[in-house]
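Working through the structure, step by step
Residues per chain, in single letters:
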Amino acid sequence: MALYLITGIAGFIGSSLARELLARGEQVRGVDNLSTGHRENLKEILDRIDFREADILDLDAMHKACAGVDFVLHQAAIPSVPKSVLDPLGSNRANVDGTVNVLVAARDAKVKRVVYAASSSAYGDTPTLPKHEAMKPDPISPYAVAKLASEHYMVSFYRCYQLETVCLRYFNIFGPRQDPSSPYSGVLAKFITMMLRGEQPAIYGDGEQSRDFTYIDNAVAANLLACKAPADKVAGQVFNTATGRRVTLNQTFKLLQPLTSYHGQPKYGPERGGDIKHSLADISKAEAGLGYKPKVDFEEGLQRTVEWYRAK
Ligand code: UD1
């Protein structure tokens, strides 16, 4: 049994990681400042985890949180492109300074490995598809820059201090517990909850933008594989975490109509600043290095997510 520290444990991805680790009989500690995460996400597991309400910007709290830990899964962030455009300083503090604190604390505590929630936004709007890890990054939004800077810190801590780090570039992760309530929420959480309520969703732009939407179970699996894969294959490396298939927002809306019994049309509006047009991953490096294979495809993931929100 190993001890895992999850930063951002009260978030959608953090709490999903915690559930899976507990199911596998592992020990879980977690920190969250509850700025975007919710205690509600931890409701049925709170008595089985060591939860600490703390901010990753608090180095002392991070040192205490890392004591005795084997693996750190660093998910804590302010995860929003448009929010970072409005508040680049806040985005940088949480997404870069926070990451450096976690790394320093993990290094000092001699943690075995840190796995980082990096972002596909690092690729930017370069026309080449699919995106592969050897491509030169070209981030657009402050959020994307911050996530990429933190990737470089991960690699730097491996090179300078031999702290084993692995970066997982998440491509639009979705699923149960993703918060639909903020204007910055992921598009699928928003669309599904609105359509279930009979409300008209808004598509920013012509709806022909596409994403490699990735169901949460695939991201959870990638994190656990990244902890256990041999160091010579993964330490100091970056891996796409995705499905290798893209769908447009218009196609997604059509798939959701029968699942949510919504018969209206979407409302089209102006494109959103800082957005990229298309996103699609090459997942061959993750397949070779981590032994990763997407387990749940997009349609199945949509169905499971709609069922979860409907039952809520
Ligand atoms: C981006 C990053 C992703 C990151 C996430 C954090 C890319 C490819 N991905 O996702 O790595 O984790 O930010 O937030 O850069 N949209 C609508 N209507 C809505 C909401 C959104 O049409 O009500 C559109 C957006 O304009 C965008 C698409 O849906 O074109 C996806 O948006 P969103 O879910 O916010 O994710 P990304 O910005 O792609």
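The structure under discussion appears in the preceding block.
In this report, we go over the structure that sits alongside the text. Remember, predicted model here, so these are calculated numbers, not experimental data. (Residues numbered from 1 in each chain as written. Predicted model: local features only at pLDDT ≥ 70, side-chain atom pairs only at ≥ 80, totals over all residues. Heavy atoms only, no water.)

This part takes up the overall build of the chain. Looking only at helices and strands, the chain has 11 helices and 13 strands in total. Here the C-alpha radius of gyration of the chain, 18 Å, is about what a compact globule of 312 residues would show, namely 20 Å. Over its C-alpha atoms, taken along the principal directions, the chain stretches across nearly 55 × 45 × 35 Å. Of all 312 residues assigned to the chain, the portion counted as buried reaches 55%. When contacts within the chain are restricted to residue pairs at least 6 apart in sequence, those whose partners lie at least 24 apart make up 79%. Accessible surface computed for the chain: about 13300 Å², of which carbon and sulfur atoms make up 52%. Charge-centre separation for the chain: the mean point of 37 positive side chains lies 1 Å from the mean point of 35 negative side chains. (Helix = DSSP H or I, 4+ residues; strand = E, 2+ residues; numbered from the N terminus. Rg over C-alpha atoms; globule rule 2.2 N^0.38 Å. Buried < 20%, exposed > 50% of the residue type's maximum accessible area, 1.4 Å probe, protein only. Contact = heavy atoms within 4.5 Å. Areas by Shrake-Rupley, 256 points an atom, 1.4 Å probe, with all protein chains shown as cover. Lys, Arg positive; Asp, Glu negative; His and termini not counted. Charge placed at Lys NZ, Arg CZ, Asp CG, Glu CD.)

Right, let's talk about the pairing of strand S6 (residues 164-170) for a bit. Most of S6 sits inside the fold, with six of its seven residues counted as buried. Two elements, strand S5 (residues 113-119) and S6, share seven bridges in a ladder whose sense is parallel. Each bridged residue has a counterpart across the sheet, and for Ala118 the counterpart in S6 is Arg169. A crossover connection joins S5 to the parallel S6 through helix H5 (residues 142-161); in handedness this β-α-β unit is right-handed. (Pairing = 2+ DSSP bridges. Right-handed = clockwise from strand over helix to strand, strands pointing away.)

As enumerated under the stated definition, the model contains 18 salt bridges in all. For Lys112, the salt bridge goes to Asp70, with nearest N and O atoms at 2.7 Å. Here Lys112, found in the loop between helix H4 (88-108) and S5, pairs with Asp70, found in the loop between helix H2 (59-66) and strand S4 (71-74); they are 42 residues apart in sequence, far enough to count as distant. Arg169 is the salt-bridge partner of Glu151, the closest N and O atoms lying 2.7 Å from each other. Highlighted residues: Glu151 in helix H5 and Arg169 in strand S6, separated in sequence by 18 residues. By sharing partners, the salt bridges in this structure join Arg29, Asp50 and Arg52 into a single network. (Salt bridge = Lys/Arg side-chain N within 4 Å of Asp/Glu carboxyl O.)

This part covers the packing of helix H1 (residues 12-23) against helix H7 (residues 216-228). Taken N-terminus to C-terminus, the directions of H1 and H7 make an angle of 65°; their axes are 10 Å apart at the nearest point. Seen from above, H1 lies across H7 with right-handed handedness. On H7, the residues touching Phe12, Ile13, Ser16, Leu17, Glu20 and Leu21 of H1 are Ile216, Val220, Asn223 and Leu224. Tallied by class, the residues present in the contact of H1 with H7 amount to seven nonpolar, two polar and one charged. (Axes fitted to C-alpha atoms, helices over the stretch in contact; angles between N-to-C directions. Left-handed = near helix turned anticlockwise from the far one by under 90°. Nonpolar A, V, L, I, M, F, W, Y, C, P; charged D, E, K, R; others polar.)

This next bit is on the environment of Lys136. Its place among the elements puts Lys136 in the loop between S5 and H5. On the accessibility criterion, Lys136 (70% relative accessible area) is exposed.

Helix length check: H1, at 12 residues, gives a terminal C-alpha distance of 17 Å against a target of 16 Å (1.5 Å per residue), a fit within 8%. Burial analysis of H1 places 10 of its 12 residues in the buried class, the great majority of the element. Three or more residues of H1 are buried, namely Phe12, Ile13, Gly14, Ser15, Ser16, Leu17, Ala18, Arg19, Leu21 and Leu22. Against strand S1 (3-7), strand S2 (27-32), S4, S6, strand S7 (173-174) and H7 lie the buried residues of H1. (Expected span 1.5 Å × (residues − 1).)

Let us now look at the nonpolar core. Ile6, Ile9, Val28, Ile49, Leu73, Leu168 and Leu290 are the most contacted members of the largest nonpolar core, which totals 62 residues. If you look at the next biggest cluster of nonpolar residues, it comprises 26 residues, including Leu3, Leu5, Val102 and Val111. (Core = buried A, V, L, I, M, F, W, Y, C linked by side-chain atoms within 4.5 Å.)

The ligand sits among 23 residues. The nearest are Ser119, Val187, Ala202, Arg211 and Asp275. Contacts to the ligand include Ser119, whose side-chain N or O atom sits 2.6 Å from an oxygen atom. Here the ligand loses 92% of its free accessible area of 740 Å² to cover by the protein chains. When contributions to the shell around the ligand are tallied by element, the ones reaching two or more residues are helix H6 (187-196) and strand S8 (202-204). Tallied by class, residues from the shell around the ligand come to 11 nonpolar, eight polar and four charged. (Near = heavy atom within 4 Å. Polar contact = N/O pair within 3.5 Å; in protein donor to acceptor, adjacent residues only side chain to side chain.)

Before going further, it helps to examine the sheet that holds S4. Taken together, seven strands build an open sheet; the order of strands is S3-S2-S1-S4-S5-S6-S11 and the sheet is parallel. Each end of this open sheet is capped by a strand with a single partner; those strands are strand S3 (50-53) and strand S11 (237-241). Direction aside, the axes of adjacent strands within the sheet are offset by 20° on average. Two elements, S4 and S5, share four bridges in a ladder whose sense is parallel. Residue pairing for S5: Leu73 is matched across the bridge by Val115. Sitting on the sheet, H2 is in contact with S1, S2, S3 and S4, with an inclination near 175° to S2.

The subject of this paragraph is the packing of H6 against helix H9 (residues 249-260). Contact geometry for H6 and H9: axes closest at 10 Å, N-to-C directions at 35°. Remark: the crossing between H6 and H9 carries right-handed chirality. Residues Val187, Leu188, Phe191, Ile192, Met195 and Leu196 of H6 form the contact with H9, whose participating residues are Leu249, Thr252, Phe253, Leu256, Gln257 and Thr260. Looking at side-chain class alone, the contact of H6 with H9 contains nine nonpolar, three polar and no charged residues.

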